[in-house]
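Each chain, letter by letter, is given below.
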Amino acid sequence: QMDSILSRDQNYYLLKLAGVAEKCGNPIYIVGGFVRDILLGNHPSDLDVVVEGDALVVAGEFIRLNGGEVITHKSFKTARIIEPSIYPPGKKIVFDLISSRSEKYEKPGALPIVRLSSLRDDLYRRDFTINSLAIRLDGIHYGELRDELGGMKDLQNGIVRITHKHSFREDPTRIFRAARYMIRYDFILSDDTLRDVFAERDGISNLSAQRTRHELDLIFNEDKAG
């Protein structure tokens with residue numbers, strides 16, 4: 001499924017990237033919305049690539065060996081790789097490479113403090129179980145599905161479920177996201193998720209106007225925005 005959906009460019013560079021990560025001793029995965037959407041039979045839009053370890057090291061080695069450009073965000077341990085398109089030539093292909101990490105929120109609605117951690121911690125910090133699935137890319141593990149939190153079962157049963165109890169308290173924008181996924185996929189909220197929506201909804205007032213506006217823009221762009 002993954003191979004049939006990725007473009008030739010994406011397949012080409014992801015395999016090269018996986019080879020570099022393997023040489024660096026770092027497992028590498030596609031994580032999140034891409035995995036969710038291909039398992040639902042939808043065409044995915046997001047392509048999040050997670051390195052178990054320091055993505056900046058892998059990105060630097062990739063550029064050293066293959067050329068291209070890299071833009072790093074050291075505080076969030078992420079790198080953006082920009083490569084020339086092979087099919088067709090003349091364009092650019094972009095990958096966002098993310099270090100597996102854990103996050104700490106000093107107060108509700110604040111941006112997180114990031115530290116390097118394991119892939120399991122990275123999956124646990126995500127918003128919902130259906131977004132916590134990962135497909136491994138390196139070596140003999142290519143194509144293996146990693147499901148730490150029961151995301152596959154929730155996908156099959158049509159359930160939006162938070163990954164941990166303090167999810168909405170840490171990031172109230174996830175309340176908007178829960179509504180979007182519920183309507184977009186015709187899913188239901190799990191009992192604990194619905195209960196926490198009502199318990200934590202006042203936290204929306206802690207968000208900046210810019211972040212709230214962004215979430216509303218995303219809602220207005222949904223096919224079932226009404």
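Everything numeric in this text was worked out from a predicted model, so none of it was measured. (Residues numbered from 1 in each chain as written. Predicted model: local features only at pLDDT ≥ 70, side-chain atom pairs only at ≥ 80, totals over all residues. Heavy atoms only, no water.)

## Here we look at the pairing of strand β1 (residues 28-31)
For a regular strand, side chains alternate in direction, first toward one face of the sheet and then toward the other.
Phase 1: Side chains Ile28 and Ile30 of β1 all project onto a buried face; the interleaved residues Tyr29 and Val31 project onto the opposite face, where all are buried too.
Phase 2: As paired strands, β1 and strand β2 (residues 48-51) are joined by four bridges and run antiparallel to one another. Counterpart to Val31 in the pairing with β2 is Asp48.
Phase 3: In terms of strand pairing, β1 meets strand β8 (residues 133-136) through three bridges, oriented antiparallel. Residue Tyr29 lies in a different strand from β8, and its bridge partner there is Arg136. (Buried < 20%, exposed > 50% of the residue type's maximum accessible area, 1.4 Å probe, protein only. Helix = DSSP H or I, 4+ residues; strand = E, 2+ residues; numbered from the N terminus. Pairing = 2+ DSSP bridges.)

## Brief notes about the sheet that holds β2
Phase 1: If you walk across this open sheet you meet the seven strands as β3-β4-β5-β2-β1-β8-β9, and the pairing is mixed. Since the sheet does not close on itself, it has two edges, and those belong to β3 (69-73) and β9 (145-147), each with one partner. Direction aside, neighbouring strands of the sheet carry axes that sit 30° apart on average.
Phase 2: Lying on the sheet, helix α2 (residues 8-24) is in contact with β1, β2, β4 (78-84) and β5 (92-99); it crosses β5 at an angle near 35°.
Phase 3: Strands β2, β3, β4 and β5 of the sheet are contacted by helix α4 (residues 55-66), whose axis makes an angle of about 20° with β4. (Axes fitted to C-alpha atoms, helices over the stretch in contact; angles between N-to-C directions. Contact = heavy atoms within 4.5 Å.)

## Quick look at empty space enclosed by the protein
Phase 1: For the structure shown, the criterion picks out one cavity of 30 Å³ or more.
Phase 2: By volume, the largest cavity amounts to about 50 Å³.
Phase 3: If you go around the largest cavity, the residues you meet are Met2, Leu6, Gln10, Asn11, Leu14, Leu15, Ala18, Leu137 and Tyr142.
Phase 4: Residue contributions to the lining of the largest cavity peak at five residues, all from α2. (1 Å grid on protein atoms, 1.4 Å probe; cavity = no way out; pocket = protein on both sides within 12 Å on 5 of 7 lines; lining within 4 Å. Points joined across faces, edges and corners; volume = space filled by probe spheres on them.)

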